[in-house]
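Structural characterization, general
Listed here are the chains, written in short residue letters.
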There are 2 protein chains.
Amino acid sequence: MLNNASKTYSISELAEEFSITARALRFYEDKGLLTPSRHGQTRVFSAADRARLRLVLRGKRVGFSLDEIREMLDLESITSDSPQHLGLWLKRFRTRINALKQQRRDIDDAIEELETGCAWMEARQADLEPSEELKSRARAFEALSRARLEH
Amino acid sequence: MLNNASKTYSISELAEEFSITARALRFYEDKGLLTPSRHGQTRVFSAADRARLRLVLRGKRVGFSLDEIREMLDLESITSDSPQHLGLWLKRFRTRINALKQQRRDIDDAIEELETGCAWMEARQADLEPSEELKSRARAFEALSRARLEH
DNA sequence: TATTACGTTTACGTTAACGTCAAGAAAAGA
DNA sequence: TCTTTTCTTGACGTTAACGTAAACGTAATA
């Protein structure tokens, strides 16, 4: 515990580091996601707060709502909960995992399609004049994407 | 073109098939994402409309807004556009791709964490009585997750 | 001392993506 | 023909995640 665990951060420091606004940080506190201590009236964020924030933002990126994120962060509540509650959480976790896996497949598909689009645009950009040959290539691309639409 | 390309769908058929509401479908039309033909006043969706809808929903799943999805679906407009506009779209595609790749990494991390959580809960569920040994395991888990919080 | 920077709370505004009536037309089955 | 179902077009309501503005306190700096 001799590391930088005792370092503290102001609201604007954290805001800049994570490219969010101070308003968002205050909002997260209102929602119970963060609980920074106070020096007088001013918020003081610890290293733990910063770590929680990192998890919050990652949760957001993968599509969790702030409410869901808060619930997941409160793993302590699971630790001391009833077996029924435990089973409920297990189900929710599994559901989440499946949704995430589906999302990953969708993302892979989307990336592929976007890269196809990029390649096509680059090829088109390489030529300066829109020749007839290009127009036929364009038509080919359209046919391709149309083909992909079916099925 | 002898396939089922001529099959048509009612609004509720499509709604049920994709587990969305008729309201959503009308909304997508308002937004210019779908353009079903009409039989009198009633909407008639073609196979192409259905295919576009599939793409819309996939776009949604990976985090695109409806506006973005509509722009991407209108690839025709790119086909006949200026080189500057082409470059703009190229940039936007690349930005999207990077965002998607980051999102993929986040999802992988999230899945891992959730699966760790599942494993822990299952292990805990296996025992009926919360023994002392379990409590120590719980503490170990907490320490572990705390450790992961740092850095 | 005056200004600038940074912080606070309170509260109303905004956008996206629909939900939810209301009120009526049209088609399908009994 | 009567009834039920499915469809239509408004139009207002809702939720999440902040944005934005007001009005003020405090602290460092010129």
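These lines cover the structure that appears in this document, whether it is placed above or below. (Residues numbered from 1 in each chain as written. Chains lettered and ligands numbered in written order. Predicted model: local features only at pLDDT ≥ 70, side-chain atom pairs only at ≥ 80, totals over all residues. Heavy atoms only, no water.)

**Regarding the pattern of salt bridges**
Selection criterion: For this document, the term salt bridge refers to a Lys or Arg side-chain nitrogen within 4 Å of an Asp or Glu carboxyl oxygen. Numbering of helices and strands starts at the N terminus; helices are DSSP runs of H or I of at least 4 residues and strands are runs of E of at least 2.
Under the criterion given, the structure shown has 20 salt bridges over all chains. Among the salt bridges present, the one from Asp109 of chain A reaches Arg58 of chain B, with a minimum N-O distance of 3.8 Å. You can see Asp109 of chain A sitting in helix 6 (residues 83-126) and its partner Arg58 of chain B sitting in helix 3 (residues 47-61), one on each of two chains. Salt bridges linked by common partners bring Arg104 and Asp108 of chain A together with Arg104 and Asp108 of chain B together as one network.

**Concerning the protein's contact with DNA strand C**
Heads up, the condition is: Whether a residue is near a molecule or strand depends on its heavy atoms: if one lies within 4 Å, it is near. Under this definition, polar contacts are N or O atom pairs within 3.5 Å; protein pairs additionally need one hydrogen-donor-capable and one acceptor-capable atom, and for neighbouring residues in sequence, both atoms have to be side-chain atoms. Note on residue categories: nonpolar means Ala, Val, Leu, Ile, Met, Phe, Trp, Tyr, Cys or Pro, charged means Asp, Glu, Lys or Arg, and polar means any other residue, Gly included.
In the neighbourhood of DNA strand C, 17 residues make up the surrounding shell, with Ser12 and Arg43 of chain A together with Thr21, Tyr28 and Lys60 of chain B lying closest. Here a phosphate oxygen of DNA strand C and a side-chain polar atom of Thr21 of chain B are 2.6 Å apart. At 3.0 Å, a side-chain N or O of Arg23 of chain B approaches a base oxygen of DNA strand C. Breaking the surface near DNA strand C down by element, the ones donating at least two residues are helix 1 (11-17), helix 2 (22-30) and strand 2 (42-44) of chain A together with helix 2 (22-30) of chain B. In terms of residues, the surface near DNA strand C owes the most to one element, helix 2 of chain B, which gives four residues. Of the residues that constitute the surface near DNA strand C, the class distribution is five nonpolar, six polar and six charged.

**A word on the nonpolar core**
The following threshold applies: Nonpolar cores are built from buried Ala, Val, Leu, Ile, Met, Phe, Trp, Tyr and Cys residues. Side-chain atoms within 4.5 Å join them into one set. For the exposure calls, accessible area comes from a 1.4 Å probe over protein chains only, and a residue counts as buried if that area is under 20% of its type's maximum, exposed if over 50%, partly exposed in between. Any pair of residues with heavy atoms lying within 4.5 Å of one another is described as a contacting pair.
Ranked by size, the top nonpolar core spans 65 residues in total, and within it Leu25, Tyr28 and Leu53 of chain A together with Tyr28 of chain B carry the most contacts. If we ignore the near neighbours within four places in the chain, the residues touching Tyr28 of chain A are Ile20, Leu33, Leu34, Leu53, Val56, Leu57, Lys60 and Leu66 of chain A.

**Some remarks on unusual backbone geometry**
Despite not being glycine, Ser19 of chain A has its phi angle at roughly 55°, a positive value. Of note, Ser19 of chain A is situated in the loop between helix 1 and helix 2.

**Things to note about the protein's contact with DNA strand D**
Around DNA strand D lies a shell of 17 residues, among which Thr21, Tyr28 and Lys60 of chain A together with Ser12 and Arg43 of chain B are the nearest. At 3.1 Å, a side-chain N or O of Ser10 of chain B approaches a phosphate oxygen of DNA strand D. Counting residues per element, the ones that place at least two in the surface near DNA strand D are helix 2 of chain A together with helix 1 (11-17), helix 2 and strand 2 (42-44) of chain B. Examining the composition of the surface near DNA strand D, we find that four residues originate from one element, helix 2 of chain A, more than from any other. When grouped by side-chain class, the residues that make up the surface near DNA strand D number five nonpolar, six polar and six charged.

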